[in-house]
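Fold and geometry: a report
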Amino acid sequence: KEILMDRLEDHIKSVVSRYKGKVYAWDVVNEAIDDNDSKFYRQSEWYKICGEEFIAMAFRWAHEADPDALLFYNDYNTESPGKRDRIYTLVKGLLDNGVPIHGIGLQGHWNIVSPSEKDLRAALDKYSSLGVKLQVTELDVSVYRPDETNPADNVFTAEREQKQIDKYKMIFRVLREYRSVITGITFWNVSDKSSWLDNFPVSGSKNYPLLFDQNL
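A few points on the structure. Small disclaimer: the values here were computed from a predicted structure and weren't measured. (Residues numbered from 1 in each chain as written. Predicted model: local features only at pLDDT ≥ 70, side-chain atom pairs only at ≥ 80, totals over all residues. Heavy atoms only, no water.)

Describing the overall build of the protein chain
From N to C terminus, the protein chain includes six helices and six strands. With respect to the three principal axes, the spread of C-alpha positions in the protein chain is 55 × 40 × 35 Å. Going through the 216 residues of the protein chain one by one, you find that 43% of them count as buried. Taking contacts inside the protein chain between residues at least 6 apart in sequence as the whole, the part at least 24 apart equals 74%. Accessible area of the protein chain: about 11400 Å², with a carbon and sulfur share of 50%. The averaged location of the 34 negative side-chain charges in the protein chain is 3 Å from the averaged location of its 28 positive side-chain charges. (Helix = DSSP H or I, 4+ residues; strand = E, 2+ residues; numbered from the N terminus. Buried < 20%, exposed > 50% of the residue type's maximum accessible area, 1.4 Å probe, protein only. Contact = heavy atoms within 4.5 Å. Areas by Shrake-Rupley, 256 points an atom, 1.4 Å probe, with all protein chains shown as cover. Lys, Arg positive; Asp, Glu negative; His and termini not counted. Charge placed at Lys NZ, Arg CZ, Asp CG, Glu CD.)

Dropping the structure here:
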């Protein structure tokens, strides 16, 4: 544990100090909460070796290296009710203990069926009640449902495109309403030419989750 924590401190202070005054915000800790509602922390090697202590210390060391930088906790499925509540609990605990954390990053890897408007609003309401900044950090909208595993189903139809259009409209209608707390939206690439969602959920399939098509 001591060796790993020393490495973490050295890494954070080396990198953050190098870009002090140039990088305005850092994703300090990423995906520390488990997807399983029966668990709290993801059972990562970091957690197994260091326990939850590494999370608070990562923020403290980043703040020491650049006191003016904004520091974010970042995760996916932030709108899922169970995980939403655990992320809230994590961040509230850090704040209550005086840990310098300034925001929550919602990864925004969404699709044509989720999140619902109700779940998105509930998440934004809950997180904003902490008084922290919110950002959508990795936005794309898959044209497939996560449970579609039949290759024959993975075809980009006009119906799927309309569902994606409707989902993007809903997302930005809601985000505009919360513009007082949302400080940034970053897309996870700009065109369908290349996406991490290609080959997902079925190997060999092509996805079309972004603003511009394959020809930009």
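Quick look at the nonpolar core
One finds Ile 55, Phe 59, Tyr 73, Ile 104 and Leu 124 to be the most contacted residues of the largest nonpolar core, which totals 49 residues. Broken down by element, this core gets its largest block of residues, eight residues, from helix H3 (residues 53-65). Discounting chain neighbours no more than four positions away, the residues touching Ile 55 are Val 29, Ala 32, Tyr 41, Leu 90 and Leu 94. (Core = buried A, V, L, I, M, F, W, Y, C linked by side-chain atoms within 4.5 Å.)

Points about the packing of helix H4 (residues 81-96) against helix H5 (residues 117-128)
Interhelical geometry of H4 versus H5 gives an angle of 10° and a closest axis separation of 10 Å. Comparing the axis directions of H4 and H5 gives the class roughly parallel. In this structure, H4 uses Pro 81, Arg 84, Asp 85, Ile 87 and Tyr 88 to contact H5, whose residues at the interface are Asp 119, Ala 122, Ala 123, Lys 126 and Tyr 127. (Axes fitted to C-alpha atoms, helices over the stretch in contact; angles between N-to-C directions. Parallel < 35°, antiparallel > 145°, perpendicular 65-115°, else oblique.)

Here's the deal with the pairing of strand E6 (residues 182-187)
By the bridge criterion, four bridges tie strand E5 (residues 133-142) to E6 in an arrangement that is parallel. Bridging from a neighbouring strand, Leu 139 pairs with Phe 187 of E6. For the crossover from E5 across helix H6 (residues 158-177) to E6, the handedness is right-handed. (Pairing = 2+ DSSP bridges. Right-handed = clockwise from strand over helix to strand, strands pointing away.)

Considering the side chain of Asp 75
Here Asp 75 is to be found in strand E2 (residues 70-75). Polar contacts involving the side chain of Asp 75 include one to the side chain of Tyr 73, which spans 2.5 Å. Each residue touching Asp 75, except ones within four places of it in the same chain, is listed here: Glu 31, Ala 32, Ile 33, Lys 83, Ile 87, Gly 105, Leu 106 and Gln 107. (Polar contact = N/O pair within 3.5 Å; in protein donor to acceptor, adjacent residues only side chain to side chain.)

Things to note about the layout of surface pockets
Taken as a whole, the largest pocket spans an internal volume of roughly 370 Å³. Around the largest pocket, the lining is made up of 19 residues, and of these Asn 77, His 109, Trp 110, Asn 111 and Pro 146 lie nearest the centre. Among the elements that make up the lining of the largest pocket, the one with the highest residue count is strand E4 (residues 109-111) (three residues). Among the residues forming the lining of the largest pocket, the class breakdown is nine nonpolar, six polar and four charged. Taken as a whole, the second largest pocket spans an internal volume of roughly 320 Å³. (1 Å grid on protein atoms, 1.4 Å probe; cavity = no way out; pocket = protein on both sides within 12 Å on 5 of 7 lines; lining within 4 Å. Points joined across faces, edges and corners; volume = space filled by probe spheres on them. Nonpolar A, V, L, I, M, F, W, Y, C, P; charged D, E, K, R; others polar.)

Remarks on the packing of aromatic side chains
This model, assessed by the stated rule, comprises seven aromatic pairs. Pairing Phe 40 with Tyr 41 gives two aromatic rings, centres 4.7 Å apart and planes at 75°, and the pair type is edge-to-face. Centre to centre, the rings of Tyr 41 and Tyr 47 are 5.1 Å apart; their planes meet at 25°, and the pair counts as stacked. By way of ring pairs, the aromatic residues Phe 40, Tyr 41 and Tyr 47 are connected into one cluster. The ring of Tyr 76 is capped by Lys 83, whose NZ or CZ atom sits 3.6 Å from the centre of that ring. (Phe/Tyr/Trp six-rings, centres within 6.5 Å; stacked < 30°, edge-to-face > 60°. Lys NZ or Arg CZ within 6 Å of the ring centre and 35° of its normal.)

Brief notes about the side chain of Thr 137
The residue Thr 137 is located in strand E5 in this model. A residue is classified by how much of its surface remains accessible, and Thr 137, at 17% relative accessible area, is buried. Setting aside anything within four residues of it in sequence, one finds Thr 137 in contact with Asn 74, Gly 105, Leu 106, Gln 107, Thr 186 and Trp 188.

Some thoughts on empty space enclosed by the protein
Considering all chains together, one arrives at one cavity of 30 Å³ or more under this definition. Looking at the largest cavity, its volume works out to about 30 Å³. Tyr 76, Asn 77, Thr 78, Glu 79, Gln 107, Gly 108, His 109 and Trp 110 together form the lining of the largest cavity. Looking at the lining of the largest cavity residue by residue, the class counts come to two nonpolar, five polar and one charged.

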